[in-house]
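Structural overview for review
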Amino acid sequence: MSSDAGLYDDALATFFAEARDMLQQIVDALLALENDPHDQDTINALFRAAHTIKGSAGLFGMDRVVRFTHQVESVLDRVRNGDVVLDIALSDILLKSSDVVSILLAQVEQKIETPEHLLEMDRNAAAMAKELASYLQVEKIVTEDVASISATVATERRISDGVNAAGIWHISLRFGQDAFRNGFDPLSVIHYLRSIGDIVQILTIVDKLPEFEALDPEACFLGFEIRLQQPRPKLKQHLNLSVAIVTCASCRQTGALQTTLP
Amino acid sequence: MARTKKKSSDQLSELAPVAVFAAQPGSLALEGELTIYQVAEIKSMLCDALAAAKAAFIPLRLNLAALTECDGAGLQLLLALAKAGKAAKVQVELQNMPGNIAAMIDSYGVAAYFSTATGGDEK
């Protein structure tokens, strides 16, 4: 195993460990809320744990985990806004949902790829998602999300090898407009890059932003030009794995980065 | 920092999940989270505030003292506001930015888009 692959595996192992931790927090919070259903701090913690699992899973391109956890998070968002009461019935559904997330994660972790196993789990997840959807206003979220995530996958992914002696990479990132809505925070890619190398320069691209009045603030228009020092080969593979919702990620040997503001 | 906060008479901040209230024209406070879950609501308030500031030829000051979290969508909204301010010739000033938010803005190389201040005792 190259040190490069090792680096990615480390990041992945950390993700699984943290996700398990978050799931335990979710279970603990749900049980605590059965005694004190209006404890806003615990409700907020519950929401954040689900949000974090979804965001991190998105970073690693785990679409099945993202889709399901998105449902859980959406219901929890309504709970924390006081639109839905967390009663015993919902608490039960959420506890079962955390089991579903746990199994979905385990399937990724253990690289279970047999179609029967995946399909069976997806059916379980879909059934659970349907129960969750009854707490949401819109019931079509589940199926639509599937389509929108795959539609935003790399339409123009151009990643070419090439690294100079100093190990400086120039990385251009552009995101699909649905990125935020699919629970993907572009900033998580930057966090990831920071974890594997040194960002020596970063330029946030804002020229795709529409006029303020016309801006849909839930649509993503951000882009980044980054110079990353990472003296290892195969950076390409890492980006490939982590850019499920990136519409354009180019990675090339660099010269000077223009730093003029648009 | 010793500061006083004013709430609008309708106590919006206690009803809304995101507390945004006008201390006076040309001045807004953002509290709590600025994430994908709040950006739609906050954007419409910022839109009104920007229009009002433009009409009155006054700067728009955002008090961020009680802002706890900001994600990519939040950062994008702040950047869009900065651009809009520049286009409308309204000075947009971010005041009392908490350390974690300032560090984030800094780490994305976008600090130059904003004018910031630490004082900003409205009144």
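The rules behind the values
- Residues numbered from 1 in each chain as written.
- Chains lettered and ligands numbered in written order.
- Predicted model: local features only at pLDDT ≥ 70, side-chain atom pairs only at ≥ 80, totals over all residues.
- Heavy atoms only, no water.
- Helix = DSSP H or I, 4+ residues; strand = E, 2+ residues; numbered from the N terminus.
- Buried < 20%, exposed > 50% of the residue type's maximum accessible area, 1.4 Å probe, protein only.
- Contact = heavy atoms within 4.5 Å.
- Areas by Shrake-Rupley, 256 points an atom, 1.4 Å probe, with all protein chains shown as cover.
- Pairing = 2+ DSSP bridges.
- Right-handed = clockwise from strand over helix to strand, strands pointing away.
- Axes fitted to C-alpha atoms, helices over the stretch in contact; angles between N-to-C directions.
- Parallel < 35°, antiparallel > 145°, perpendicular 65-115°, else oblique.
- Left-handed = near helix turned anticlockwise from the far one by under 90°.
- Salt bridge = Lys/Arg side-chain N within 4 Å of Asp/Glu carboxyl O.
- Buried area = accessible area lost by both parts, 1.4 Å probe.
- Polar contact = N/O pair within 3.5 Å; in protein donor to acceptor, adjacent residues only side chain to side chain.
- Phe/Tyr/Trp six-rings, centres within 6.5 Å; stacked < 30°, edge-to-face > 60°.

Overview of the overall build of chain A
Each helix and strand counted, chain A has eight helices and four strands in total. Counting from the amino terminus, chain A carries its helices and strands in the arrangement α-α-α-α-α-α-β-α-β-β-α-β. Taken over 262 residues, chain A has a buried fraction of 50%. Put simply, 79% of the contacts in chain A that link residues at least 6 apart link residues at least 24 apart. Surface exposure of chain A reaches about 12300 Å², of which carbon and sulfur atoms provide 52%.

Focus on the environment of Ile-226 of chain A
Residue and element names in this part refer to chain A. In this structure, Ile-226 sits in strand β3 (residues 223-229). Ile-226 gets classed as buried once you look at its relative accessible area, which sits at 0%. Residues Ile-226 and Ser-172, spaced 54 residues apart in sequence, show a C-alpha to C-alpha distance of 6.4 Å. When near neighbours in sequence (up to four residues on either side) are disregarded, Ile-226 contacts Trp-169, His-170, Ile-171, Leu-173, Ile-190, Leu-193, Ile-199, Gln-201 and Ile-202.

Focus: the pairing of strand β3 (residues 60-70) of chain B
Residue and element names in this part refer to chain B. Here strand β2 (residues 27-34) runs beside β3; their pairing, made up of seven bridges, is parallel. Counterpart to Glu-31 in the pairing with β3 is Ala-66. Taken together, β2, helix α2 (residues 39-55) and β3 form a β-α-β motif whose crossover is right-handed. Here β3 runs beside strand β4 (residues 92-95); their pairing, made up of four bridges, is parallel.

Topic: the pairing of β3 of chain A
Residue and element names in this part refer to chain A. Among the seven residues in β3, six count as buried, and that is most of the element. Looking at chain direction, strand β1 (residues 168-175) and β3 are connected through seven bridges and run antiparallel. Counterpart to Leu-173 in the pairing with β3 is Phe-224. Bridging between strand β2 (residues 198-205) and β3 involves seven bridges; their strand directions are antiparallel. Bridged to Leu-203 within β3 is Glu-225.

Points about the packing of helix α2 (residues 40-59) of chain A against helix α3 (residues 63-80) of chain A
All names here are of chain A. As a packed pair, α2 and α3 sit with axes 9 Å apart at the nearest point and diverge in direction by 160°. Looking at the two axes, α2 sits roughly antiparallel to α3. Two packed elements cross with a definite hand, and for α2 against α3 that hand is left-handed. Across the interface between the two elements, Gln-40, Ile-43, Asn-44, Leu-46, Phe-47, Ala-50, His-51, Ile-53, Lys-54, Ala-57 and Gly-58 of α2 pack against Val-65, Val-66, Thr-69, His-70, Val-72, Glu-73, Leu-76, Asp-77, Val-79 and Arg-80 of α3.

Considerations on unusual backbone geometry
Although it is not a glycine, Phe-57 of chain B adopts a positive phi angle of roughly 55°. At Lys-89 of chain B, a position not held by glycine, the phi torsion is positive, near 60°.

With respect to the pattern of salt bridges
For the structure on display, the rule yields 11 salt bridges over all chains. Counted as one network, the salt bridges with shared partners bring together Asp-77 and Arg-80 of chain A together with Glu-33 of chain B.

Some words on the side chain of Ser-188 of chain A
Within the fold, Ser-188 of chain A resides in helix α7 (residues 186-196). Accessibility expressed as a relative area gives 14% for Ser-188 of chain A, which makes it buried.

Re the interface of chain B and chain A
Each partner contributes residues to the interface: chain B has 30 residues there, and chain A has 33 residues. Summed over both sides, the interface between chain B and chain A buries roughly 2600 Å², with carbon and sulfur atoms accounting for 63% of that surface. Contact with chain A buries area across many residues of chain B, yet Tyr-37, Gln-76 and Tyr-108 of chain B alone supply 29% of it, more than any other trio. In this structure, the connection of chain B to chain A is made through one salt bridge. Across the pair Arg-80 of chain A and Glu-33 of chain B runs a salt bridge whose closest N-O atoms are separated by 3.4 Å. At the boundary of chain B and chain A, one finds 11 residue pairs in polar contact (both at pLDDT 80 or more). Of all the secondary structure elements, the ones that give two or more residues to the side of chain B that touches chain A are α2, α3 (72-87) and α4 (99-107) of chain B.

A closer look at the packing of aromatic side chains
All told, the structure shown has four aromatic pairs over all chains when counted by the stated rule. Seen in terms of ring centroids, Phe-47 of chain A and Tyr-37 of chain B are 5.0 Å apart; in terms of plane orientation they differ by 80°. Their pairing is edge-to-face. Placement of Phe-47 of chain A in helix α2 and of Tyr-37 of chain B in the loop between β2 and α2 is noted, with the two residues assigned to different chains. Cluster of aromatic residues (ring-pair linked, three or more members): Phe-175 and Phe-224 of chain A together with Tyr-108 of chain B.

Just distances and angles here, no functional claims.
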